[in-house]
Amino acid sequence: MSIRTQVLGLVDVMMRVPPIMVIDEILKIGMGVPSQLSSGKGYTMETATASKSAPQEASNSTDTLASIKAFFGMGSEDSATSSIGNHSQDILEHTIENASKSAQAGGMLSSNFNSLMDELANDGMLGNILNITTVKFVVCLLGFLCAACIFMLWTRHLVMVYMFLTSLGLTFLSYWSNVSALELMEQSPSILEDLLSLNTTRLLDSGGIVMTLAPHIIAQWFMGMLFAYIHLGPRYALLQRSMPIIFTSPILLAMLPLSSSIVDKLPVIAGLTPIILTKITLMLSAMDASRTVYNGYQYAVNFVSNFGLSALIENEWQRLNVPNVLRLFWIIRIMQGGYALLTVESDVPLQLFPAIEKLLVDGCETLTAVLGMTGVISMICHYIGRGFQWYLLTYDNDEEKSLGTVSAVLFYILALQTGLTSLAPDRRFVRLCRNLCLLVTALLHFLHNIVSPILMSLSAARNPSRKRHVRALSVCAFLILMPVGLLYYLWAQHSPSTWLLAVTAFSVEVIIKVLVSLATYTLFLLDARRQFFWEKLDDYLYYVRAFGNAVEFCFGILLFVNGAWILVFESAQNATGGAIRAIMMCIHAYFNIWCEARAGWSVFMKRRSAVHKISALPEATPAQLQAFDDVCAICYQEMYSAKITRCRHFFHGVCLRKWLYVQDRCPLCHEIMMYTDKAEENAQDADPAGPAQAEQPIRIYPREDANNAGVPRRSPERGAEAAPEEGVAPVNAAAALANIDNAIANLASEAAAIAAETRAAVASSSSSSSSNSNASYITASAQPPPSTANSAAAVATAAASNTTHIFRLSQEQQ
């Protein structure tokens, strides 16, 4: 990204900050609606420093928009106005309290309640209060909507808005500067006489009127040039050149011997020209502004209909660069508060920790301020996650799984459900610290999610790099020691509470998850050092992970009960936070309790069913394994023990059990390995000789092809090579293997071609009259023959895996 692009991006972000500040000020005064908590929201240094701070510090604190607050009735300029406001508030509260008591005593339809309602309706002062409140609310609502619309404008439209506002501001600034200059000229001798008499002593005096007016004249000239450059009205050449003179004309004309009445009107006359141009601009841009808003609405509707609402939100989120705007807004807000603390007059020196406490409390006073703090915390957590990824020598650019994104969502949800903005300043700081503790535990969970896959990959891949092992293990040690230290400090400094119980549950859960990951890592390392296949490894891994999942499930239930207690007994005064907490509890109950329990039970039942199925299969004898002399077709490991399926294939018992989690068909021939009792009864009724044939001993003959031709082997059960067994036709092995290779080559292209070539292979094999002593075969099974498509897939799978040396041809195919 070039420097020019970065600078333009920064300018775009800075232009979107003022609308956010306007929205923040509107929310700070409660949208013009009076509330009992408005007096408790102001946080002064007395709250942070108790008796250490001076009492006058709160009264000397400056408010940037005190005039706006006074206009909306939220502030007072003298004690009389304050007493009137308090008196009207007391009358309103007293009337409502009497009405509530009457309703509780006599019911909603009682005569006393009706008479009180009539008194409320006829109360003139109450009507005035409600009218003023309605007007303030409407004005605040319009200001809120206008600021939100300006914030969402495209950059070129935003530039036009700022050009219009700047030109309007230059007009009023020029008026105030001219008024100030004329007041200075009234109290000084005539400048015209000094010029005509060439009184250089008075003219060149550093404290004289000429030196005092010089900054005003220069400022007016530059303001006129800037207005001529940026205003959006009609641009006539003569008017553009004369604009600096128009701005400076009141000061120049005041030097002439004019009457005071005319001189007083000069600033107004000079301001008429820019005001008229600004009014013309507003009239000409009204239709364009309406058209822009309508086009934006149409664009949003079309985008939602084509791509969905979530895509629109994501697109606008990136276009407006919302995280950076909120971060810059919050930083400016904190800098403004810090400057106010540094410039306040006080006999007590400013202390660091109380000042930080006040800034943090003011930094989460409104919803927009909480959003800004969320953006800053998100950036900090993002770089913490990046730091751990750099330490672990891994990088993940998935923004949705980024630590910054997760922490931002979690912190804002915690702020909403705990009612952070509605709390008193002292309670707000305590709640903020508690939310940050919960955020730290969530950060530890996310760090475990980063290091756990790395541990598994290092142990399973047998990575010889000790540096990566040491780094991963050091992070695991940190994830164990950090929760332990946090819990020790919290339990030593705080009494037991629901919040402390939640932090403890999250911390212990992190420790258990890290220990489970370390146990799994150790088992994989031990398996890597063994020379033989470890069949019990899968059982040990299942037990370890089942223990971790069970502990996590129990903690999920504990957190649900803890949240229900908070919702019922501790969230009565925060309706919005209680509603959000109830929604989050429902989500937690479904995803973390119900779905986890259902998934765990499903895994348990699959494992139990697979164990029963595996136990029903016969175990291969050492003689059969020696005659088979091949590896497992699933894991490619030597077989020192194996299970024999109904289709006469050999697999490790643990490998076959994992395969049965997925499906009940053989990995090689796709035959059903396990039959139900009903299917077996039907098979016995259809073919009574089936059980007798199934009880016959299994015959396995080794392969003697070109790969092992150097060591010829013969099965002891095979007699002389005179004639093949009864019911089995001799097979040409070379032709069969050639046809299998052709089937593998065409398997990826067309399934129909595979079936056709397989039929051709079977036909050529059945018509072959020559016999070969090196052919591998087995006795025909009593099971029904598979379909042609299944036979093709079985043959192709067997040849592609290169782990079996037998294939089966049914009597019907022969």
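Residues numbered from 1 in each chain as written. Predicted model: local features only at pLDDT ≥ 70, side-chain atom pairs only at ≥ 80, totals over all residues. Heavy atoms only, no water.

> Where do I start with the state of the cysteines in this structure?
Using the criterion set out here, one finds 0 disulfides in the structure. Free of any disulfide, Cys-146 has its nearest cysteine sulfur in Cys-149, 6.6 Å distant. You can call Cys-146 partly exposed: its relative accessible area is 46%. For Cys-364, which is in no disulfide, the shortest distance to another cysteine sulfur is to Cys-433 and amounts to 9.6 Å. Accessibility expressed as a relative area gives 0% for Cys-364, which makes it buried. (Disulfide = S-S within 2.5 Å. Buried < 20%, exposed > 50% of the residue type's maximum accessible area, 1.4 Å probe, protein only.)

> Please explain the nonpolar core as it appears in this structure.
Proteins that are soluble and globular tend to have nonpolar side chains buried together. Residues Met-373, Leu-392, Phe-411, Val-451, Ala-472 and Leu-479 are the most contacted members of the largest nonpolar core, which totals 41 residues. Mapped onto this core, the elements with two or more residues apiece are α16 (322-343), α17 (352-362), α18 (367-391), α19 (403-417), α20 (425-460), α21 (466-493), α22 (498-529) and α23 (537-569). Per element, the largest residue contribution to this core is 12 residues, and it comes from α20. In this structure, Ile-614, Ala-633, Leu-656 and Cys-669 belong to the second largest nonpolar core, which totals 22 residues. (Core = buried A, V, L, I, M, F, W, Y, C linked by side-chain atoms within 4.5 Å. Helix = DSSP H or I, 4+ residues; strand = E, 2+ residues; numbered from the N terminus.)

> Teacher, can you tell me more about helix α1 (residues 3-15) here?
In an α-helix, one turn spans 3.6 residues, which is why side chains three or four residues apart end up on the same side. Between its first and last C-alpha atoms α1 spans 18 Å; for 13 residues at 1.5 Å apiece the expected length is 18 Å, and the two agree. Among all positions of α1, only Asp-12, Val-13 and Met-15 are buried. Viewed end-on, α1 has its buried residues packed into an arc of 165°, placing them on one side of the element. On its buried face, α1 sits against α2 (17-28), α9 (155-186) and α16. (Expected span 1.5 Å × (residues − 1). Arc of directions from axis to C-beta. Contact = heavy atoms within 4.5 Å.)

> How should the confidence of the model for the protein be read in this particular structure?
A low pLDDT score tells you not to read the predicted coordinates there in detail. Scored by pLDDT, the protein comes out at a mean of 74, with 67% of its residues at no less than 70. Between the elements of the protein, mean pLDDT differs from a low of 37, seen in helix α5 (residues 66-71), to a high of 93, seen in α21. Scored below 50 in pLDDT, residues 36-85 shows 67 contacts in the model against residues more than four places distant or in partner chains. Across residues 106-110, confidence stays below pLDDT 50; counting only partners more than four residues off in sequence or on other chains, it has 7 contacts. (pLDDT = per-residue confidence, 0-100.)

> Looking at this model, I keep getting lost on the environment of Thr-374. Mind explaining?
Inspection of the secondary structure assignment puts Thr-374 in helix α18. With 44 residues separating them along the chain, Thr-374 and Trp-330 place their C-alpha atoms 9.4 Å apart. Thr-374 has contacts with Ala-408, Phe-411 and Tyr-412, leaving out every residue within four places of it along the chain.

> Is there a simple way to think about the packing of aromatic side chains in this case?
Any aromatic ring pair is given by two values, namely how distant the centres are and how the planes are angled relative to each other. All told, the structure shown has 12 aromatic pairs when counted by the stated rule. Taking the centre distance of 5.6 Å and the plane angle of 70° together, the rings of Trp-534 and Tyr-540 count as edge-to-face. Taking the centre distance of 4.3 Å and the plane angle of 40° together, the rings of Trp-565 and Phe-569 count as tilted. Within this pair, Trp-565 and its partner Phe-569 are both found in helix α23, separated by 4 residues, close to a single helical turn. Here Trp-565 falls in the partly exposed class, since its relative accessible area comes to 47%. Among the aromatic residues, those joined into a ring-pair cluster are Trp-154, Tyr-299, Phe-303 and Phe-307. Just above the ring of Tyr-542 sits the side chain of Arg-607; from NZ or CZ to the centre is 4.0 Å. (Phe/Tyr/Trp six-rings, centres within 6.5 Å; stacked < 30°, edge-to-face > 60°. Lys NZ or Arg CZ within 6 Å of the ring centre and 35° of its normal.)

> For this particular structure, what's the right way to read α2?
The end-to-end C-alpha distance of α2 is 16 Å, a good match for the 16 Å that 12 residues give at a rise of 1.5 Å each. What α2 keeps buried is the set Val-17, Pro-19, Ile-20, Ile-23, Asp-24, Glu-25 and Ile-26. Backbone geometry just downstream of α2 places Gly-30 in the positive-phi region, at approximately 70°.

> Help me out: how do you make sense of the pattern of salt bridges in this one?
For side chains bearing opposite charge, pairing can occur when the charged atoms are close. According to the stated counting rule, one finds 13 salt bridges in the structure shown. One salt bridge connects Asp-288 with Arg-291, and the closest N-O pair in it is separated by 2.8 Å. Highlighted residues: Asp-288 and Arg-291, both in helix α14 (residues 260-307), separated by 3 residues, approximately one helical turn. Since its relative accessible area comes to 41%, Asp-288 is described here as partly exposed. Overall, Arg-291 belongs to the partly exposed group, its relative accessible area being 43%. Among the salt bridges present, the one from Glu-365 reaches Arg-333, with a minimum N-O distance of 3.6 Å. Here Glu-365, found in the loop between α17 and α18, pairs with Arg-333, found in helix α16; they are 32 residues apart in sequence, far enough to count as distant. Per residue, the accessibility class of Glu-365 equals that of Arg-333, and both read buried. Put simply, Asp-538, Asp-539, Arg-607, Arg-657 and Lys-658 are held in one network by salt bridges that share partners. (Salt bridge = Lys/Arg side-chain N within 4 Å of Asp/Glu carboxyl O.)

> In this structure, what is going on with a nonpolar patch on the surface? I would like to understand it.
Among the surface-exposed residues, Phe-172, Leu-173, Tyr-175, Trp-176, Val-268, Ile-269, Leu-272, Ile-275, Ile-276, Ile-280 and Leu-284 lie close enough to one another that they form a single nonpolar patch of about 1000 Å² accessible area. The set of elements that each furnish at least two residues to the nonpolar patch consists of α9 and α14. In terms of residue count, α14 provides more of the nonpolar patch than any other element does, 7 residues in total. The topology assignment puts Leu-272 in helix α14. For Leu-272, a relative accessible area of 44% puts it in the partly exposed group. (Patch = residues over 30% accessible without salt bridge, like charges linked within 9 Å, V, L, I, M, F, W, Y side chains within 5 Å. Areas by Shrake-Rupley, 256 points an atom, 1.4 Å probe, with all protein chains shown as cover.)

> How should the packing of α20 against α22 be read in this particular structure?
A packed helix pair is summarised by two numbers, namely the angle formed by the two axes and the spacing between the axes. The N-to-C vectors of α20 and α22 enclose an angle of 5°; their axes lie 10 Å apart at closest approach. When the axes of α20 and α22 are compared, the pair comes out roughly parallel. (Axes fitted to C-alpha atoms, helices over the stretch in contact; angles between N-to-C directions. Parallel < 35°, antiparallel > 145°, perpendicular 65-115°, else oblique.)

> What exactly am I supposed to notice about the packing of α16 against α17 here?
For the pair α16 and α17, the least separation of the axes is 10 Å and the interaxial angle reads 140°. Classed by the angle they form, the pair α16 and α17 counts as oblique. Here α16 runs over α17; the crossing is right-handed. Touching Arg-333, Ile-334, Gly-337, Gly-338 and Leu-341 of α16 are Ala-355, Lys-358, Leu-359 and Asp-362, all from α17. Considered class by class, the residues forming the contact of α16 with α17 number 4 nonpolar, 2 polar and 3 charged. (Left-handed = near helix turned anticlockwise from the far one by under 90°. Nonpolar A, V, L, I, M, F, W, Y, C, P; charged D, E, K, R; others polar.)

> Any chance you could explain unusual backbone geometry here in plain terms?
Here Asn-321, not a glycine, exhibits a phi torsion of approximately 55°, which is positive. Within the secondary structure, Asn-321 is located in the loop between α15 (309-320) and α16. Unusually for a residue other than glycine, Tyr-636 sits at a positive phi of about 60°. Note that Tyr-636 resides in the loop between α25 (622-628) and β1 (643-644).

> Is there a simple way to explain the environment of Val-510 in this structure?
Mapped onto the elements of the fold, Val-510 is located in helix α22. For Val-510, a relative accessible area of 1% translates into the label buried. On a C-alpha basis, the gap between Val-510 and Leu-444 in space is 7.0 Å, while along the polypeptide they are 66 residues apart. Contacts of Val-510, omitting those with residues within four sequence positions, involve Thr-441, Leu-444, His-445, Leu-479 and Pro-483.

> Help me understand the side chain of Lys-643 in this model?
Secondary-structure assignment places Lys-643 in strand β1. The buried category is assigned to Lys-643, whose relative accessible area is 13%. At 3.5 Å, the side chain of Lys-643 forms a polar contact with the backbone oxygen of Ile-614. At a separation of 3.1 Å, a polar atom in the side chain of Lys-643 contacts the side chain of Glu-619. (Polar contact = N/O pair within 3.5 Å; in protein donor to acceptor, adjacent residues only side chain to side chain.)

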